Structure formats: structure tokens, C-alpha cells
Amino acid sequence: MTITQQIITVGMVILGTALTRFLPFLIFPTGKPTPKYIQYLGKVLPSAVFGLLVIYCLKNVSIFSGAHGIPEFMAILVVILLHVWKRQMLISIAGGTICYMLLVQMVF
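Residues numbered from 1 in each chain as written. Predicted model: local features only at pLDDT ≥ 70, side-chain atom pairs only at ≥ 80, totals over all residues. Heavy atoms only, no water.

The topology assignment puts Glu 72 in helix α3 (residues 70-86). Buried charged residue Glu 72 carries no salt bridge. Nearest counter-charge: Lys 59, at 13 Å. Apart from residues lying up to four places away in sequence, Glu 72 is in contact with Leu 58, Val 61 and Tyr 100. (Helix = DSSP H or I, 4+ residues; strand = E, 2+ residues; numbered from the N terminus. Buried < 20%, exposed > 50% of the residue type's maximum accessible area, 1.4 Å probe, protein only. Lys, Arg positive; Asp, Glu negative; His and termini not counted. Salt bridge = Lys/Arg side-chain N within 4 Å of Asp/Glu carboxyl O. Contact = heavy atoms within 4.5 Å.)

Taking 1.5 Å per residue, 19 residues should reach 27 Å; helix α4 (residues 89-107) reaches 26 Å between its end C-alpha atoms and fits that length. Turning to α4, its buried residues number three or more, namely Ser 92, Gly 95, Gly 96, Cys 99 and Leu 103. The buried residues of α4 occupy one face: seen down the axis, they fall within an arc of 95 degrees. Among the exposed residues of α4, those oriented more than 90 degrees off its buried face are Leu 90, Ile 98, Gln 105 and Met 106. (Expected span 1.5 Å × (residues − 1). Arc of directions from axis to C-beta.)

Before going further, it helps to spend a moment on the confidence of the model for the protein chain. The predicted model of the protein chain averages 92 in pLDDT, with 100% of residues at 70 or higher. Looking over the protein chain, one finds the lowest element-wise mean pLDDT in helix α2 (residues 36-58), namely 90, and the highest in helix α1 (residues 3-27), namely 95. (pLDDT = per-residue confidence, 0-100.)

To continue, consider the layout of surface pockets. Here the largest pocket defines a volume of roughly 490 Å³. Around the largest pocket, the lining comprises 16 residues; the ones closest to its centre are Val 54, Cys 57, Ala 75, Ile 76 and Val 79. Elements supplying a minimum of two residues to the lining of the largest pocket: α2, α3 and α4. If you tally residues by element for the lining of the largest pocket, the top one is α3, at seven residues. Residue classes in the lining of the largest pocket are distributed as 12 nonpolar, three polar and one charged. (1 Å grid on protein atoms, 1.4 Å probe; cavity = no way out; pocket = protein on both sides within 12 Å on 5 of 7 lines; lining within 4 Å. Points joined across faces, edges and corners; volume = space filled by probe spheres on them. Nonpolar A, V, L, I, M, F, W, Y, C, P; charged D, E, K, R; others polar.)

Here we take up α3. End to end, α3 covers 24 Å across 17 residues, agreeing with the expected 24 Å (1.5 Å per residue, within 8%). Within the span of α3, buried status applies to Pro 71, Glu 72, Ala 75, Val 79 and Leu 82. Viewed along the axis of α3, the buried residues span an arc of 100 degrees, placing them on a single side of the element. Turned more than 90 degrees from where α3 packs its buried face, Leu 81, Val 84 and Trp 85 sit exposed. Among the structural elements, α2 and α4 are those in contact with the buried residues of α3. Positive phi appears at Arg 87, one or two residues downstream of α3, with a value of about 60 degrees.

Listed below in C-alpha cells is the structure:
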């Protein structure tokens, strides 16, 4: 990339970041009620993203080779148990990730 292309790329990234940060405040001002469909999306999207993450993480797991998917499914069990216990998505994800990494690096 030339220096001009690099400057344009950095400028576009800055513009995109600024737009995604400020646009919601411009579209949905403080004094105006939030539309029902936006409230609905706010309720369903976190679960949808979590489900998408699970599918993405398990797409290449083969139960017929390697560790037979045991570390993955043990980590999923840890995520479920942590989420039922604490009801904190970040703790659940972090705990499952740590469990998986420990299993893969030290056990399997």
C-alpha cells in the first residue's frame, strides 16, 4: 500500500468507528421512546450471538478422531453450570474458555 492508501484506510476506519459510536444517539435521542423492534432486538440478539458462537466453535469437532470432542463438551458443560450458577455471560464464557484451554494443553 502506498502512503496515500494507508491514510485513506486509517481515515475510513476512524469514520466507521465514529459512525457506529454516535449514530445510535442521533437516531434514538434521549427524549424520544425507543421503538419496540429495537427493544426486541436488544432482548434476543445476545442469545442469538451466543448460539452462533457455540455453532462456530463446534463446527470442526470430530467425534471420530483426536480427543473425540471430549474437551469441547466438557467446556460446554462448565459454561452451562457457570451460567446457571452465576447468571453472568462473561464469567460463563471465560470459565469455559479457561477450562477448554487447560484440557487441551494439559490433558488431551
